[in-house]
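# Breakdown of the fold
Read off the chains here:
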Amino acid sequence: MKSEERRPTFGLDRRDELFMCGVVCFWRYGAGPGTVDPDEVLVTRDAMTRRGPDGAGTWTSDDRRVALAHRRLAIIGLGQQGHQPMACTPCHGPGRPAVISYNGEIYNYLQLRDELLERGHRFASGSDTEVLLHLFEDDGIAMVRRLRGMFAFALWDDASQELHLARDPLGIKPLYVADDGATLRVASQARALLSCASVDSTTDEAALAGLLVFGSVPEPHTAWRGIRALPAGSTLSIRPGGLRRLEQQQPLQALLRHDEHADAWHQDSAIADSFADTVRAHMVSDVEVGVFLSAGIDSTSILGLASEDSRTLRAMTLGFQEFAGTADDEVPVAKEVAGFYGAHHHAQRVTQRDFVSWLPSMLSDMDQPSIDGLNTWMIARVASSQGLKVALSGIGGDEFLGGYPSFLTVPSLVNRAAPLASIPGLGRALRLSSYPLLRWRMPKLAGALEYADTFAHGWLLRRAVLLPWELAGVLGRERAEHALAELSISQLLADALGPEPAGGLYSVAALEAGMYLRNQLLRDADWAGMAHSLEIRVPLADIRVVQAVASSLTARWVPPAGKQALARTPRPPLPLSVTGRRKTGFSVPMGQWATTLSDFGAWRKVPLLAHERCSWGRRWAYTLADTFGML
């Protein structure tokens, strides 16, 4: 086909178009006869209807061994020109098409499109989807190193008979894989793959241990043995016969690596520019964009920067009856900030009755178990009730700007206790002797010396829901030992840190971002938003922001300097009611609502969890494991 005649398979007009979507790909790669089951493809696709209620599509290869499918939530360009799956034949010379099913937004796609035009590429649309296909023709799957945004996609190269899967470096968009040895199945939601009878749905013991220790399931594990998450920042390329190549294209640790020689003044200017730039990029939409507004610096700064646009914004705040009139009540300050920046403000107070009525839906919508996603589900519900399809969230600010207490407490613990922690066996001996006395009041204190030997262990001590040595009291010794061996916590933490740690703050940032942000906050934002057909955008979880702040975070800032730098960026800067307020998390009053857990009472049979001093977080993690059938 001549290049001037070239058109995407589904191109209709030339309006720019971006989507949040559901991706599906099936490939019968095994030797011998056989095709993909078209009914399975459709069932998997339509299990994700709320990810994309605005449209759906499928593509099947001539030999019916490959099928791609897609669900569409239109955000920009509300017509059909970016309909997926999209196929393009090569622009330079003859060849067979590449076909893509893609979920996400590429914020630098216009720049990439201009470069491709200069190289002689011809476009039939303005969609970022088509840019990906052209870029693949020139650069192959290594093209992902040039992408700025959130993305997950499956791309079939009909010329080489090769399938490529990819995820963005921070892990904002998910992608799950089930492989039975003959057929590869891919989807944006793990639960969607459970509709396929051949997918092994037995419990992944490592996932169970991960849930009880971390409060979420660390990738690449999922709650089910037959499903794996494609690791963030990686590509997986598969050839006929199943030969595969997994590559880490954009390691988070490389983005965080600091430049000791960067000029301080230039750094400060670049950091402020990166904050403004990322909010501008995330505001692009043909539908109204809202803001999740708490009383914290991250979301209020995003509102302030977004308000510099000419549009009047809509801000939403979640309040709880139990917090009314206390320091944990975020509604009054959020209302003040909304007025300060001229935004329309909607606050909704949630009651225990609301929580009880919503809990079954929240649990059925939860793609993988997580103790931290209910708040996001509730605020996404508020946004959807206001008619919104896009909302900005402050997720990522604490991880990359040093906003958590762990940025102070973990280095302090490790530095102060290092001499004693280095004595072989002392920490473990103290833990074994003191835990029986401390397990009801301060169980983590028992392991303080043992876990002060490294930053990874110090971080784990602070973040853990149940400590690894406590799992025997919950699961039984044999099962706990097996599950922990399968999980390999030490390897997970080492992978998050990377091969070249660069100091205490770097280590904490790498662990917070590579473990908590990736496996919990971002994953929760995806399923909780998509449950309401809402795209949740995270401007502070952006590679340009990470690169801009990395050198300051690791070399110059002392917390809370990073959050203060963000607070100074809007014009006008944030009011004192925000910057002078003590930090509170976006929390849910589960302690007060604990009586509702009586409907999910498996934890009552476990003495460690049934004790009156046991925290709700420990009980909730166990409740989720039971609800997901993992016990």
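None of the values given here were measured: they were computed from a predicted structure.

## Side note on helix 11 (residues 374-385)
- Taking 1.5 Å per residue, 12 residues should reach 16 Å; helix 11 reaches 17 Å between its end C-alpha atoms and fits that length.
- Every buried residue of helix 11 is listed here: L374, N375, T376, W377, M378, I379, A380, V382 and A383.
- Of the residues trailing helix 11, G387 is marked for its positive phi of about 85°.

## Focus: helix 5 (residues 205-214)
- With 10 of 10 residues buried, helix 5 is to be regarded as a mostly interior element.
- Regarding helix 5, its N-cap is D204, as a side-chain oxygen of that residue lies 2.9 Å from the backbone nitrogen of A206 further along.
- Of the residues trailing helix 5, G215 is marked for its positive phi of about 85°.

## What to know about the sheet that holds strand 15 (residues 344-350)
- The strand order 15-14-13-16-17 describes an open sheet built from five strands, whose pairing is parallel. Two strands close off the open sheet at either side, each with one partner strand: strand 15 and strand 17 (535-537). Neighbour-to-neighbour, the strand axes of the sheet open up by a mean angle of 30°, direction not taken into account.
- Judged from the three bridges that link them, strand 13 (residues 289-292) and strand 16 (residues 390-392) form a sheet pairing that is parallel. Note on strand 16: the bridge partner recorded for V291 is L392.

## A look at the packing of aromatic side chains
- Within the structure shown, the criterion is met by 13 aromatic pairs.
- Ring centres 6.2 Å apart and planes at 25° place the aromatic pair F151 and F153 in the stacked group.
- Residue F151 is classed as buried on the basis of its relative accessible area of 0%.
- Between the aromatic rings of F355 and W593, the centroid separation amounts to 4.7 Å while the plane-to-plane angle is 25°, which identifies the pairing as stacked. Taken together, the positions of F355 in helix 10 (residues 352-365) and W593 in the loop between helix 23 (576-579) and helix 24 (607-610) put the pair 238 residues apart, joining distant regions of the chain. In this pair, the class of F355 matches that of W593, namely buried.
- A network of ring pairs unites the aromatic residues F320, F323, F355 and W593 as a single cluster.

## A look at the side chain of R65
- Within the element layout of this structure, R65 appears in the loop between strand 2 (55-60) and strand 3 (66-76).
- Here R65 sits buried without a salt bridge, and the closest side chain of opposite charge, D63, lies 4.7 Å off (N-O distance).
- A polar contact is formed between the side chain of R65 and the backbone oxygen of G32, at a distance of 3.0 Å.
- Setting aside anything within four residues of it in sequence, one finds R65 in contact with F26, W27, R28, Y29, G30, G32, P33, G34, T35 and V36.

## What to know about the confidence of the model for the chain
- Per-residue pLDDT for the chain averages 90, and the proportion of residues at 70 or more is 92%.
- Taken as a whole, residues 1-18 scores under 50 in pLDDT and shows 71 contacts with residues more than four places along the chain or in a different chain.

## Re the environment of T326
- Tracing the backbone through its elements, the reader meets T326 in the loop between strand 14 (314-320) and helix 9 (331-340).
- Looking at T326, the relative accessible area reads 37%, which means it is partly exposed.
- Along the primary structure T326 and A229 are separated by 97 residues, whereas in three dimensions their C-alpha atoms are 41 Å apart.
- Separated by 2.6 Å, the side chain of T326 and the backbone oxygen of F323 make a polar contact.

Procedures and definitions
Within each chain, residues carry numbers counting from 1 in the order of the written sequence. Whole-chain, interface and lining totals are the exception, using all residues; otherwise, since this is a predicted model, local features are given only for residues with pLDDT of at least 70 and side-chain atom pairs are given and counted only at 80 or more. Here the side-chain values reflect all heavy atoms present in the structure, with hydrogen atoms and water set aside. Secondary structure follows DSSP: runs of H or I at least 4 residues long count as helices, runs of E at least 2 residues long count as strands, and numbering of each begins at the N terminus. How far a helix is expected to stretch is found by multiplying one less than its residue total by 1.5 Å. Remark: exposure states derive from per-residue accessible area (1.4 Å probe, protein chains only) relative to the maximum for the residue type, with buried under 20%, exposed over 50%, and partly exposed in between. In the analysis that follows, any N or O atom pair within 3.5 Å is treated as a polar contact, provided that within protein one partner can donate a hydrogen and the other can accept it, and provided that, for residues neighboring in sequence, both atoms belong to side chains. DSSP bridges decide pairing: two strands pair if at least two such bridges lie between them. Only the stretch in contact is used when fitting a helix axis, every axis being a line fitted to C-alpha atoms; angles between N-to-C directions are given from 0 to 180 degrees. Aromatic rings from Phe, Tyr and Trp, taking only the six-membered ring of Trp, are treated as a pair when their centres fall within 6.5 Å; an angle between ring planes under 30 degrees marks them as stacked, one over 60 as edge-to-face, and anything in between as tilted. The charge count treats Lys and Arg as positive and Asp and Glu as negative. His and the chain ends do not count. Note on definitions: salt bridges are taken to be side-chain nitrogens of Lys or Arg within 4 Å of carboxyl oxygens of Asp or Glu. Throughout, a residue-residue contact means that at least one pair of heavy atoms, one from each residue, lies within 4.5 Å. One number per residue, pLDDT, summarises how confident the predictor is, and it ranges from 0 to 100.

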